[in-house]
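Here's the letter readout for the chains.
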Amino acid sequence: MDPVTGLEQVQQAVAEGCRQAGRDPRSVTLVAASKTVPPQVLENALAAGHRVFGENQVQEAKSKWPALLDRHPRTELHLIGPLQSNKVRDAVALFDVIHSVDRPSLCAALTRECAQQERKPRLLVQVNTGRESQKGGILPEDADGFLGACHDMYGLDIEGLMCIPPFDGPKEPHFALVARIAARNGLRTLSMGMSGDFPLAIEMGATHVRVGTAIFGSRAAAVKAAR
Ligand SMILES: *Cc1c(COP(=O)(O)O)cnc(C)c1O
């Protein structure tokens, strides 16, 4: 898909979702999930004016984004994939928002690097609402305690929560669960909703939707087109 057409369609769908939910369209940020999307395609999306992108891997982002950011300095870069402790230095240097805080050792590394680099990326805690062993995230019943520790033990300001519901099955219970955990912890940011379910996520309070395929087409096709 032409990323500019895809972007326009998804932006319209986000606006329509907000309208139907009775929400201000400015309360939802569209994070264009751009893993595997080659730089020249990203350049088109940037030229069309889009400024918020999400990457899954620190390494890939590090190879694609510095040159693009030089040309488009006001771009906001989100890390939406898992973060290994040995990538924290690069992640703090490159990303404006990290969606995948999920364990004490990572908090410790983030605290250290943020002080070292005098940078303060916005931070979200990932909740593993589906209790899937292959996914990152804190278990729902551990979330309150972990959020407390982020603040009290590590001095980290956590802005909100993120979830990636299981691929199969209804998404409502997952979105509702993270919304409840956020509400009782006084958190305002909810990163939830992808290509298949972002209108529902908006209805359920998402402030950030992470959309890839509906903007850029299937990832295999994007990679092939770049060859
Ligand atoms: C790839 C990805 C998305 C976007 O998924 P699509 O189904 O392509 O919209 C959202 N969140 C995360 C964490 C992702 O890795």
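Up top you'll find the structure we're talking about.
Everything numeric here is computed off the predicted structure, so don't read it as measured data.

Student: Hey, could you run me through the packing of helix α2 (residues 39-47) against helix α3 (residues 58-71) in this one?
Tutor: Pairs of packed helices are described in terms of their axes, by the angle between the two and the distance that separates them. At a minimum axis distance of 11 Å, the contact between α2 and α3 shows a crossing angle of 30°. Classed by the angle they form, the pair α2 and α3 counts as roughly parallel. The crossing of α2 and α3 is right-handed. Where α2 approaches α3, its residues Pro39, Leu42, Glu43 and Leu46 are matched on the opposing element by Lys64, Trp65, Leu68 and Arg71. Of the residues that constitute the contact of α2 with α3, the class distribution is five nonpolar, no polar and three charged.

Student: I'm lost on the pairing of strand β2 (residues 52-55) in this one. Help?
Tutor: Residues Val52 and Gly54 line one face of β2 and the alternating positions Phe53 and Glu55 line the opposite face, and both faces are buried. On the question of chirality, the crossover connecting strand β1 (residues 29-33) to the parallel β2 by way of α2 is right-handed. Taken together, the four bridges between β2 and strand β3 (residues 76-79) define a ladder with parallel strand orientation. Counterpart to Glu55 in the pairing with β3 is Leu79.

Student: Would you mind showing me how to read unusual backbone geometry here?
Tutor: Glycine aside, negative phi is the norm for most residues, and most peptide bonds take the trans geometry. In this structure, Thr36 is a non-glycine residue whose phi angle is positive, near 65°. The residue Thr36 is located in the loop between β1 and α2 in this model. Assessed through its relative accessible area of 32%, Thr36 is described here as partly exposed. Backbone geometry places Glu118, a non-glycine residue, at a positive phi of 50°. Turning to its location among the elements, Glu118 is positioned in the loop between α5 (104-117) and β5 (122-126). Here Glu118 falls in the exposed class, since its relative accessible area comes to 74%.

Criteria and thresholds
Residues numbered from 1 in each chain as written. Predicted model: local features only at pLDDT ≥ 70, side-chain atom pairs only at ≥ 80, totals over all residues. Heavy atoms only, no water. Axes fitted to C-alpha atoms, helices over the stretch in contact; angles between N-to-C directions. Helix = DSSP H or I, 4+ residues; strand = E, 2+ residues; numbered from the N terminus. Parallel < 35°, antiparallel > 145°, perpendicular 65-115°, else oblique. Left-handed = near helix turned anticlockwise from the far one by under 90°. Contact = heavy atoms within 4.5 Å. Nonpolar A, V, L, I, M, F, W, Y, C, P; charged D, E, K, R; others polar. Buried < 20%, exposed > 50% of the residue type's maximum accessible area, 1.4 Å probe, protein only. Right-handed = clockwise from strand over helix to strand, strands pointing away. Pairing = 2+ DSSP bridges.

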